[in-house]
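Observations on the model geometry
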Amino acid sequence: MDTSLPGGTRVVAVADRRTPLVELRMRLPLGDPGWWWPDRAEALSRSLATRSGAADRADREGEAFQLTSDGQWLDITGHSRPDRVGAWLESLADLAVPAAEPAPPVPVRHRAPESVMDTALRRAWDAHGAVGAPALVPEPPGPAEFHRSVVGRGGWLVAVGDLDPEEFASAAGAALSSWRTFPPAAPYARTTETAPRAVHPRPPGVVPLGQRDTNDDRLHLTLPAPEPYGDTGSAARYLATAVVGAHHASRLTAHGLSVPGPAWQIHAGRDVCRDVPRSYVRAVVPEREAGPAVAGIHQELATLRLRPVTQAELAPVAAFCAAQLLGVFDSPAAKADMIRETLSAGRGHSWLEDLPDLILRTSPEYVTTAATELFAPDRMTLVAFGAEEPTAEAAATWHHLTPPTDTLPDRPPDRPPTRSRSGSRPLPCLTRWPKKQVRGLPECSLSGWWGLCLARPS
């Protein structure tokens, strides 16, 4: 059962009676305020969990109702007995009750480097969305506005277990009927002229996050790029990611990098950042090898076009990926998790069921094309997190290897490039950041028209 409710929530329900439970998942995008202020999104999730008492009630019944936020999504995860699904849905609906003042306290805790880098990237990509307009660092909204911007609109609701799919969809529609009565969040203006919109960033760019005092002698790197327009669910793109860096015999791991020492960790992946599907490479390298490591990653990615994927290289990777996907169906809980991931990535709920067969029938030529499209270094933004000197070295190296270009990123055919007022050429990506301390990230200012968001700790 796959349907959409009047309020915009997409509901997918799958009967699976291996256990006498129903696994339930709700995912909501945090939106512009949450992407800018992830600590406030975490505070909101904690406040809602405490206010509603749903978690305690579920515990008493031997069930689960948990809220978490990772900077990209607000996830409500749990399970219930079949006869108590209605109560679980009522607890979900209660989350849309407007938040009260004052604001819940913002948690102060250490965040993993990957989380810090992704928050910086969301802010940089947010600024790049307003091409040619002076971007402003937004003030955090009040509790009621922040709550309204996240809860009560859209999202994906997944149920897998001992249920009747049509009855569940009907019950979900009744329980969440009040969500559509909440007015949409006011436009969250981040510039003096435009409202937010889904615009791909202008590559190449660099987001260095230098830390003056750190006990970590490693440099953390993220190299993301917006996925090219097309089928993000294609088997060729799935396999290309594995060939590049998501398999033990992948290019980035087995072939090694052209640097004096190997990266401590490196892998490739795909996910969603803001509302943009992206591919990425993450690496953790010795800080003394900052420049050579960045150059080595660039070289390895640039040679993808020169060294096509062969059948001998692809066969073990395809067999591994097809076998690994079978684990998705090990339990109703695993299936519910993966359907949630699939839907929020913009794919159909049956994509995972079709993928193993498609993987085994995909040719090396298609995988080569997908790899060169997904991991083209001249489309990537470098995000570097570590001590100041190696971070600056990595940024300078990437800037040298991927010089600015006046070519705008891929756009849908019906969307012309942004023009200057004279209509003569595309506008440069000029972004002005006021010198202002931002919670969770160092102070930001701009250096260069090409989108260098240079972070300086205060």
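Nothing here was measured: the structure is a model prediction, and the numbers come from that model.

Quick notes on the rules
- Residues numbered from 1 in each chain as written.
- Predicted model: local features only at pLDDT ≥ 70, side-chain atom pairs only at ≥ 80, totals over all residues.
- Heavy atoms only, no water.
- Helix = DSSP H or I, 4+ residues; strand = E, 2+ residues; numbered from the N terminus.
- Buried < 20%, exposed > 50% of the residue type's maximum accessible area, 1.4 Å probe, protein only.
- Contact = heavy atoms within 4.5 Å.
- Areas by Shrake-Rupley, 256 points an atom, 1.4 Å probe, with all protein chains shown as cover.
- Pairing = 2+ DSSP bridges.
- Axes fitted to C-alpha atoms, helices over the stretch in contact; angles between N-to-C directions.
- Salt bridge = Lys/Arg side-chain N within 4 Å of Asp/Glu carboxyl O.
- 1 Å grid on protein atoms, 1.4 Å probe; cavity = no way out; pocket = protein on both sides within 12 Å on 5 of 7 lines; lining within 4 Å.
- Points joined across faces, edges and corners; volume = space filled by probe spheres on them.
- Nonpolar A, V, L, I, M, F, W, Y, C, P; charged D, E, K, R; others polar.
- Arc of directions from axis to C-beta.
- Polar contact = N/O pair within 3.5 Å; in protein donor to acceptor, adjacent residues only side chain to side chain.
- Core = buried A, V, L, I, M, F, W, Y, C linked by side-chain atoms within 4.5 Å.
- Phe/Tyr/Trp six-rings, centres within 6.5 Å; stacked < 30°, edge-to-face > 60°.
- pLDDT = per-residue confidence, 0-100.

1. Details of the overall build of the chain
Of the regular secondary structure elements, the chain holds 15 helices and 13 strands. Taking all 458 residues of the chain together, 54% fall into the buried category. Put simply, 80% of the contacts in the chain that link residues at least 6 apart link residues at least 24 apart. Total accessible area on the chain stands at roughly 19700 Å², and carbon and sulfur atoms take up 54% of it.

2. Description of the sheet that holds strand 6 (residues 156-161)
The mixed open sheet is built from six strands, whose spatial order is 1-2-6-3-5-4. Edge positions in the sheet fall to strand 1 (2-4) and strand 4 (64-69), since each has one partner strand and no second. The mean inter-strand angle of the sheet, taken between neighbouring strand axes irrespective of direction, is 15°. For strand 3 (residues 22-29) and strand 5 (residues 73-80), the ladder comprises eight bridges, and the chain directions are antiparallel. Within strand 5, the position partnered with Leu28 by the bridge is Leu74. Across the sheet, helix 2 (residues 38-52) touches strand 4 and strand 5, and the angle it forms with strand 4 is around 160°. Along the sheet face, helix 4 (residues 85-94) touches strand 3, strand 4, strand 5 and strand 6 and points at about 160° away from the line of strand 5.

3. Side note on the pairing of strand 4
Two faces belong to every sheet, and in a regular strand the side chains alternate between them. As paired strands, strand 4 and strand 5 are joined by six bridges and run antiparallel to one another. For Leu67, the partnering residue across the bridge sits in strand 5 and is Ile76. Count of turn residues in the strand 4/strand 5 antiparallel hairpin: three residues, of which Gly71 carries a positive phi of about 95°.

4. Let's talk about the pattern of salt bridges
Two side chains of opposite charge can pair, provided their charged atoms sit close to one another. Going through the model one piece at a time under the given rule, you end up with 24 salt bridges. Of the charged contacts in the structure, one is a salt bridge between Arg25 and Asp337, with a shortest N-O distance of 2.6 Å. Of the two residues, Arg25 sits in strand 3 while Asp337 sits in helix 12 (residues 332-344), which places them 312 residues apart along the sequence. Look at Asp337 and you get partly exposed, because its relative accessible area is 28%. Arg46 is paired through a salt bridge with Glu42; the nearest N and O atoms lie 2.8 Å apart. On the criterion of helical spacing, the pair formed by Arg46 and Glu42 is a turn pair, its members being four residues apart in helix 2. A relative accessible area of 46% places Arg46 in the partly exposed class. Residue classification places Glu42 among the buried positions, given a relative accessible area of 7%. The network of salt bridges with common partners includes Glu23, Arg25, Arg27, Asp75, Asp337, Arg340 and Glu341.

5. Concerning the layout of surface pockets
Roughly 890 Å³ of internal volume is contained in the largest pocket. Along its surface, the largest pocket is lined by 33 residues, and Gly269, Arg270, Asp271, Glu341 and Arg347 are the ones closest to its centre. Secondary structure elements with two or more residues in the lining of the largest pocket: helix 5 (113-128), helix 8 (235-245), strand 9 (265-273), strand 10 (276-286), helix 11 (311-325), helix 12 and helix 13 (351-360). With five residues, the top contributor of residues to the lining of the largest pocket is strand 9. Split by residue class, the lining of the largest pocket holds 14 nonpolar, eight polar and eleven charged.

6. Examining helix 6 (residues 143-150)
Buried within helix 6 we find Pro143, Phe146, His147, Ser149 and Val150. Viewed end-on, helix 6 has its buried residues packed into an arc of 160°, placing them on one side of the element. Summarising the contacts, the buried residues of helix 6 are in contact with strand 3, helix 1 (31-36), helix 2 and strand 5.

7. Comments concerning the side chain of Arg278
Relative to the helices and strands, Arg278 resides in strand 10. A polar side-chain atom of Arg278 sits 3.2 Å from a polar atom in the side chain of Asp118.

8. Some remarks on the pairing of strand 3
Along strand 3, eight of the eight residues are buried, which leaves the element largely enclosed by surrounding structure. With burial as the criterion, each face of strand 3 is covered, one bearing Val22, Leu24, Met26 and Leu28 and the other bearing Glu23, Arg25, Arg27 and Pro29. Here six bridges tie strand 3 to strand 6, and the two strands are oriented antiparallel to one another. In the strand pairing of strand 6, Leu24 is matched with Ala159.

9. Points about the nonpolar core
Among the nonpolar cores identified, the biggest contains 47 residues, and Leu221, Val281, Leu301, Ile359 and Phe375 are the most heavily contacted of them. In terms of residue count, the dominant contributor to this core is helix 8 (seven residues). Those residues within four positions of Val281 in sequence are excluded, and the remaining contacts are Leu221, Thr222, Leu223, Leu252, Ile266, His267, Ala268, Leu301, Phe375 and Met380. If you look at the next biggest cluster of nonpolar residues, it comprises 38 residues, including Leu24, Ala41, Leu48 and Val151.

10. Quick word on the packing of aromatic side chains
Under the definition given, this model contains four aromatic pairs. On the basis of an interplanar angle of 40° and a centroid distance of 6.3 Å, the ring pair of Trp36 and Trp37 is categorised as tilted. Both residues of the pair, Trp36 and Trp37, belong to the buried class. On the basis of an interplanar angle of 80° and a centroid distance of 5.6 Å, the ring pair of Trp73 and Trp156 is categorised as edge-to-face. Placement of the pair is Trp73 in strand 5 and Trp156 in strand 6, with a sequence separation of 83 residues.

11. Details of the confidence of the model for the chain
Per-chain confidence: the chain averages 76 in pLDDT, with 74% of residues scoring 70 or above. Segment residues 127-135: pLDDT under 50, and 29 contacts once partners within four positions in sequence are set aside and those in other chains are kept. Considering only residues more than four positions removed or in separate chains, one finds that residues 406-458, a stretch of pLDDT under 50, has 133 contacts.

12. Let's talk about helix 14 (residues 364-374)
The set of residues buried in helix 14 consists of Pro364, Val367, Thr368, Ala370, Ala371, Thr372 and Leu374. Of the surrounding elements, those touching the buried residues of helix 14 are strand 8 (218-226), helix 8, strand 9, strand 10 and helix 11.

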